[in-house]
Number of protein chains: 2
Amino acid sequence: MRRSEFWLQALRQGGYRLTAARRAVVRVLAESEHTLTPAEIYQAGRRFYPALGLVSVYRTLEKLEELGLVQRVHRAEGCNTYFPSAEGHQHVLLCRRCQQAVFFSGDDLEPLVGRLQAETGFRIERHWLQLFGLCSACREKEEKDDE
Amino acid sequence: MRRSEFWLQALRQGGYRLTAARRAVVRVLAESEHTLTPAEIYQAGRRFYPALGLVSVYRTLEKLEELGLVQRVHRAEGCNTYFPSAEGHQHVLLCRRCQQAVFFSGDDLEPLVGRLQAETGFRIERHWLQLFGLCSACREKEEKDDE
DNA sequence: CCCTTATTGAAAAGATTTTTCAATAAGGGC
DNA sequence: GCCCTTATTGAAAAATCTTTTCAATAAGGG
Ligand SMILES: [Mn+2]
Ligand SMILES: [Mn+2]
Ligand SMILES: [Zn+2]
Ligand SMILES: [Zn+2]
């Protein structure tokens, strides 16, 4: 099943109605390979549903986040971009130029977490890990710019 | 040398004047063990210098960040808290209840980064790592609340 | 002790997000 | 299919947070 269909179904099961506004937001974000701001989702969404309001973008994001389907992605330049949530324990690798986002897994923080719990007395409950760099397409473009 | 003295000296060397507003911000943030918002710095700063303006807090944070002395700390509840910068390669462990922040080092992400560069074609340049939990004091308080 | 000018706080402006509200339409029950 | 209830909508207003403007002030080199 496509991710957007799954999201629509999850919204329904969460007791929410399926509206044109929600369909537009889901269509834009569920299939995106890039993190998107509310304003970007709004712009893109209006191509599918021109009456879409920015308020409904915010409201739909809120519901998708609550259902665990969407996550907020923070960056140095701004903390209001959104992306489909990881499935299972994954984090994102982000291109600083084009905002492409790729999931990865396999961080092995257990030893570190264990050691720090012992040393600091904290009970460690969660962690954020994000990797930043340049995707291969942007690396080529950047080299071209340097000439 | 105390961290606040060092910061004042660094501001001077950066070509900035030492004013009462800057001294107040430095005094509050340099010795803090907790991440602080601009509004919290403003409130605390006014106890040392009642004429302090919120604008000067923002402007001082901007300079301290530019000099690499202060870093912004992001959390789920908000992305506008500040804390002294790590020295060398360190990250922070944060208490979700009292905002206490503790530096740590020793994350070993090299193997992961190497593997992902090969797999994805990204050139990975930096990473964010933050650990969240409960400090020991807050753990006790939370247990008491549960009774 | 000047003099230049960086810096200040207050107020205004900008940017982003949330709330309010009357109109609309989703979708369960018939 | 057709109601009827009420969740949802978009526009406008309000609330928040941050930045800019500006005339007054004070830092600090000479
Ligand atoms: Mn992990
Ligand atoms: Mn690290
Ligand atoms: Zn890229
Ligand atoms: Zn704590």
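Model, not experiment: these values are computed from the prediction. (Residues numbered from 1 in each chain as written. Chains lettered and ligands numbered in written order. Predicted model: local features only at pLDDT ≥ 70, side-chain atom pairs only at ≥ 80, totals over all residues. Heavy atoms only, no water.)

Let's talk about the protein's contact with DNA strand D
Here is the rule we go by: For this description, a residue counts as near a given molecule or strand if any of its non-hydrogen atoms is within 4 Å of it. In the analysis that follows, any N or O atom pair within 3.5 Å is treated as a polar contact, provided that within protein one partner can donate a hydrogen and the other can accept it, and provided that, for residues neighboring in sequence, both atoms belong to side chains. A run of H or I in DSSP counts as a helix once it spans at least four residues, and a run of E counts as a strand once it spans at least two, with each numbered from the N terminus. Charged residues are taken to be Asp, Glu, Lys and Arg, nonpolar residues to be Ala, Val, Leu, Ile, Met, Phe, Trp, Tyr, Cys and Pro, and polar residues to be all remaining types, Gly included.
Residues in contact with DNA strand D amount to 19 residues; listed here are only the nearest, Arg22, Ser56 and Arg59 of chain A together with Leu18 and Tyr58 of chain B. Backbone sugar and phosphate groups make up 68% of those atoms of DNA strand D lying within 4 Å of the protein. Here Arg17 of chain A contributes a backbone N or O atom positioned 3.1 Å from a phosphate oxygen of DNA strand D. When contributions to the surface near DNA strand D are tallied by element, the ones reaching two or more residues are helix H2 (20-30) and helix H4 (54-66) of chain A together with helix H4 (54-66) of chain B. Counted by class, the surface near DNA strand D contains 9 nonpolar, 4 polar and 6 charged residues.

Brief notes about the sheet that holds strand S5 (residues 123-134) of chain A
Quick reminder of the rule: At least two DSSP bridges between two strands are required for those strands to pair. Interaxial angle, 0 to 180 degrees, is taken between N-to-C directions of lines fitted to C-alpha atoms, where a helix line uses only the stretch in contact. Residue contacts follow a heavy-atom distance rule, with two residues in contact if any of their heavy atoms lie within 4.5 Å.
Spatial strand order, S4(A)-S3(A)-S5(A)-S5(B)-S3(B)-S4(B): 6 strands in an open sheet with mixed pairing. Lying at the two open borders of the sheet, with one neighbouring strand each, are strand S4 (101-104) of chain A together with strand S4 (101-104) of chain B. Ignoring strand direction, the axes of neighbouring strands in this sheet form an average angle of 25°. Pairing geometry for strand S3 (residues 91-95) of chain B and S4 of chain B, over 4 bridges, is antiparallel. Bridging from a neighbouring strand, His91 of chain B pairs with Phe104 of chain B of S4 of chain B. Relative to S5 of chain A, helix H6 (residues 136-146) of chain A is tilted by about 40°, and along the sheet it contacts strand S3 (91-95) and S5 of chain A together with strand S5 (123-134) of chain B. Along the sheet, helix H6 (residues 136-146) of chain B contacts S5 of chain A together with S3 and S5 of chain B; its crossing angle with S5 of chain B, the most-contacted strand, is approximately 40°.

So, the domain arrangement of chain A
All names here are of chain A. Operational definition: Throughout the structure description, domain borders are defined by an automatic or database domain assignment. Using a 1.4 Å probe, buried area is obtained as the accessible area two parts lose upon being combined, added over both of them. Any carboxyl oxygen of Asp or Glu within 4 Å of a side-chain nitrogen of Lys or Arg constitutes a salt bridge here.
We note that the domain assignment places domain 1 (1-85) and domain 2 (89-147) within chain A. Each of domain 1 and domain 2 has a C-alpha centre, and these two points are 23 Å apart. Counting residues at the interface gives 10 residues for domain 1 and 11 residues for domain 2. Both sides of the domain 1 and domain 2 interface together cover about 870 Å² of buried area, and 58% of this is carbon and sulfur. Between domain 1 and domain 2 we count 0 salt bridges in total.

A look at the relation of the copies chain B and chain A
Heads up, the rule is: Alignment of copies: least-squares fit on C-alpha atoms of residues with pLDDT of at least 70 in both copies.
In screw terms, the move from chain B to chain A is a rotation of 180° and a rise of 0.0 Å along the axis, fitting with an RMSD of 0.1 Å. Taken together, the rotation and translation describe the operation of a two-fold axis. Considering only C-alpha atoms, the residue of chain B closest to the rotation axis is Leu129 of chain B, which sits at 2.2 Å. Of all interface residues in chain B, 100% are interface residues in chain A too; the two copies therefore contact each other through one and the same surface.

Concerning the coordination of the manganese ion (ligand 2)
This is how the line gets drawn: Distances decide who is a donor: an N, O or S atom must be within 2.8 Å of the metal, or within 3.2 Å for Na, K and Ca. Water is not included, so sites may look incomplete. Exposure classes here rest on a 1.4 Å probe applied to the protein chains alone. A residue is buried below 20% of its type maximum, exposed above 50%, and partly exposed in between.
Each protein donor to the manganese ion (ligand 2) is listed here as His89 of chain B (NE2), His91 of chain B (NE2), Asp107 of chain B (OD) and His127 of chain B (NE2); together their distances run 2.0 to 2.1 Å. Of the residues examined, Asp107 of chain B reaches a relative accessible area of 12% and is grouped as buried.

Considering the coordination of the manganese ion (ligand 1)
Residues and elements named next belong to chain A. Note on the manganese ion (ligand 1): its protein donors are His89 (NE2), His91 (NE2), Asp107 (OD) and His127 (NE2). The metal-donor distances range over 2.0 to 2.1 Å. Spacing between the donor residues of the manganese ion (ligand 1) along their common chain follows H-x1-H-x15-D-x19-H. Taken together, the residues span a long stretch of sequence, with Asp107 in the loop between S4 and helix H5 (110-120) and His127 in strand S5 at a distance of 20 residues. Of the two residues, Asp107 and His127, both sit in the buried class.

Quick look at the protein's contact with DNA strand C
By nearness alone, 19 residues border DNA strand C, and Leu18 and Tyr58 of chain A together with Arg22, Ser56 and Arg59 of chain B come closest of all. Taking all atoms of DNA strand C within 4 Å of the protein, the share assigned to sugar and phosphate is 69%. Here a phosphate oxygen of DNA strand C sits 2.6 Å away from a polar atom, N or O, in the main chain of Leu18 of chain A. Looking at the surface near DNA strand C, the elements with two or more residues in it are H4 of chain A together with helix H2 (20-30) and H4 of chain B.

Observations regarding the interface of chain B and chain A
On the chain A side, the residues contacting the 36 residues of chain B number 37 residues. Here chain B meets chain A over a buried area of about 3200 Å², counting both sides, of which 68% is carbon and sulfur. In terms of surface lost to chain A, no three residues of chain B exceed Phe122, Trp128 and Phe132 of chain B, which account for 23% of the buried area on that side. Inspection of the chain B/chain A interface yields 2 salt bridges. In this structure, Arg96 of chain A and Glu125 of chain B form a salt bridge, with 2.8 Å as the shortest nitrogen-oxygen distance. Taken together, the connections running from chain B to chain A amount to 14 residue pairs in polar contact (both at pLDDT 80 or more).

Describing unusual backbone geometry
Its identity is not glycine, yet Gln99 of chain A carries a phi of approximately 70°, on the positive side. Topologically, Gln99 of chain A is positioned in the loop between S3 and S4.

Overview of the pairing of S3 of chain A
Residue and element names in this part refer to chain A. The element S3 is largely enclosed, with a buried count of 5 among its 5 residues. The antiparallel hairpin formed by S3 and S4 contains 5 residues in its connecting segment, where Gln99 sits at a positive phi of about 70°. Here 4 bridges tie S3 to S5, and the two strands are oriented parallel to one another. When the bridges of S5 are listed, Cys95 appears paired with Gly133.

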